[in-house]
Amino acid sequence: MTEASYRDLTAGLDPQQVAEAVGAGMYEHDHCAQHLGIRLLEIAPGYAKMEMTVRRDMLNGFAICHGGIVTTLADTAFAYSCNSYNEMTVASGLATEFLAPVREGDVLTAEGREVALAGRTGVYDVSITNQRGELVAVMRGKSYRLKGRAVVELD
């Protein structure tokens, strides 16, 4: 698909409806998120909010949530936020900072927000909070948009 034909497909469509279609289409095929119990709560252009309850099988040897699981939740919010324009976008890098321990039963919310988008690259910040609203981790992701490739087909 050429960039011009991609633009023809999205011309005149409401950006919020595009984001919602992308969220539904991505989640349908997102076996990792489904397996971990990550739920899509909200999506908008350049934004996504995901939620996950920490299970026993997500704990490390110190009885706290494995950092890779927290990062996976953050990476999922990042992926949905940067793909919300229906242009296939992949991560080119990310960094996670852990601020507080996460325990079994905690309900984590990850909110990914676009910070900058220029050409085919973007920067997104993700905040991860627990059910008490305490910030437990932050992640910054860098994205790269693939030329002329839609995430989902729009009617």
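As shown above, the structure is provided for reference.
In this text the structure is predicted, and so the values were computed from the model without any measurement.

### Considering the overall build of the chain
Point 1. Helices and strands together make up the secondary structure of the chain, namely four helices and six strands.
Point 2. Here the C-alpha radius of gyration of the chain, 16 Å, is about what a compact globule of 155 residues would show, namely 15 Å.
Point 3. Seen along its three principal axes, the alpha-carbon backbone of the chain occupies a region of about 50 × 25 × 25 Å.
Point 4. Classification of the 155 residues of the chain by burial places 38% in the buried group.
Point 5. Surface accessibility of the chain: about 8100 Å² in total, with carbon and sulfur atoms responsible for 53%.
Point 6. Averaging the coordinates of the 14 positive side-chain charges in the chain and doing the same for the 20 negative ones gives two points 6 Å apart.

### Quick word on the pattern of salt bridges
Opposite charge on two side chains permits them to pair, given that their charged atoms come into close proximity.
Point 1. What the rule picks out here adds up to seven salt bridges.
Point 2. One salt bridge in this structure joins arginine 56 and glutamate 104, with 3.6 Å as the shortest N-O distance. Within this pair, whereas arginine 56 is found in the loop between strand S2 (47-53) and helix H4 (67-82), its partner glutamate 104 is found in the loop between strand S3 (89-98) and strand S4 (107-118), the two being separated by 48 residues in sequence.
Point 3. Owing to a relative accessible area of 40%, glutamate 104 belongs among the partly exposed residues under this scheme.

### Examining unusual backbone geometry
Point 1. Its identity is not glycine, yet alanine 63 carries a phi of approximately 65°, on the positive side.
Point 2. The topology assignment puts alanine 63 in the loop between S2 and H4.
Point 3. Under the relative-accessibility criterion, alanine 63 is labelled partly exposed at 42%.
Point 4. Positioned with a positive phi, asparagine 86 is a non-glycine residue whose angle comes to about 70°.
Point 5. Turning to its location among the elements, asparagine 86 is positioned in the loop between H4 and S3.

### Let's talk about the environment of threonine 89
Point 1. As for its placement among the helices and strands, threonine 89 is situated in strand S3.
Point 2. Linking threonine 89 and glutamate 42, residues 47 residues apart in sequence, is a C-alpha distance of 19 Å.
Point 3. With residues near it in sequence (within four places) discarded, threonine 89 still touches Cys82, Asn83, Ser143, Tyr144 and Arg145.
Point 4. A distance of 3.4 Å separates a polar atom in the side chain of threonine 89 from the backbone oxygen of cysteine 82.
Point 5. Of the polar contacts made by the side chain of threonine 89, one reaches the backbone oxygen of glutamate 87; its length is 2.7 Å.

### Quick word on the nonpolar core
If you look at soluble globular proteins, the nonpolar side chains tend to sit buried side by side.
Point 1. Among the nonpolar cores identified, the biggest contains 32 residues, and Met52, Leu73, Leu108, Val126 and Ile128 are the most heavily contacted of them.
Point 2. For this core, the elements supplying multiple residues, two or more each, are helix H2 (15-29), helix H3 (31-36), S2, H4, S4, strand S5 (121-129) and strand S6 (135-145).
Point 3. Looking at this core element by element, the count peaks at eight residues for H4.
Point 4. Residues in contact with leucine 108, not counting those within four places in the same chain, are Met50, Glu51, Met52, Val54, Val70, Leu73, Val102, Ile128, Thr129, Asn130 and Val136.

Rules used in this analysis
Residues numbered from 1 in each chain as written. Predicted model: local features only at pLDDT ≥ 70, side-chain atom pairs only at ≥ 80, totals over all residues. Heavy atoms only, no water. Helix = DSSP H or I, 4+ residues; strand = E, 2+ residues; numbered from the N terminus. Rg over C-alpha atoms; globule rule 2.2 N^0.38 Å. Buried < 20%, exposed > 50% of the residue type's maximum accessible area, 1.4 Å probe, protein only. Areas by Shrake-Rupley, 256 points an atom, 1.4 Å probe, with all protein chains shown as cover. Lys, Arg positive; Asp, Glu negative; His and termini not counted. Charge placed at Lys NZ, Arg CZ, Asp CG, Glu CD. Salt bridge = Lys/Arg side-chain N within 4 Å of Asp/Glu carboxyl O. Contact = heavy atoms within 4.5 Å. Polar contact = N/O pair within 3.5 Å; in protein donor to acceptor, adjacent residues only side chain to side chain. Core = buried A, V, L, I, M, F, W, Y, C linked by side-chain atoms within 4.5 Å.

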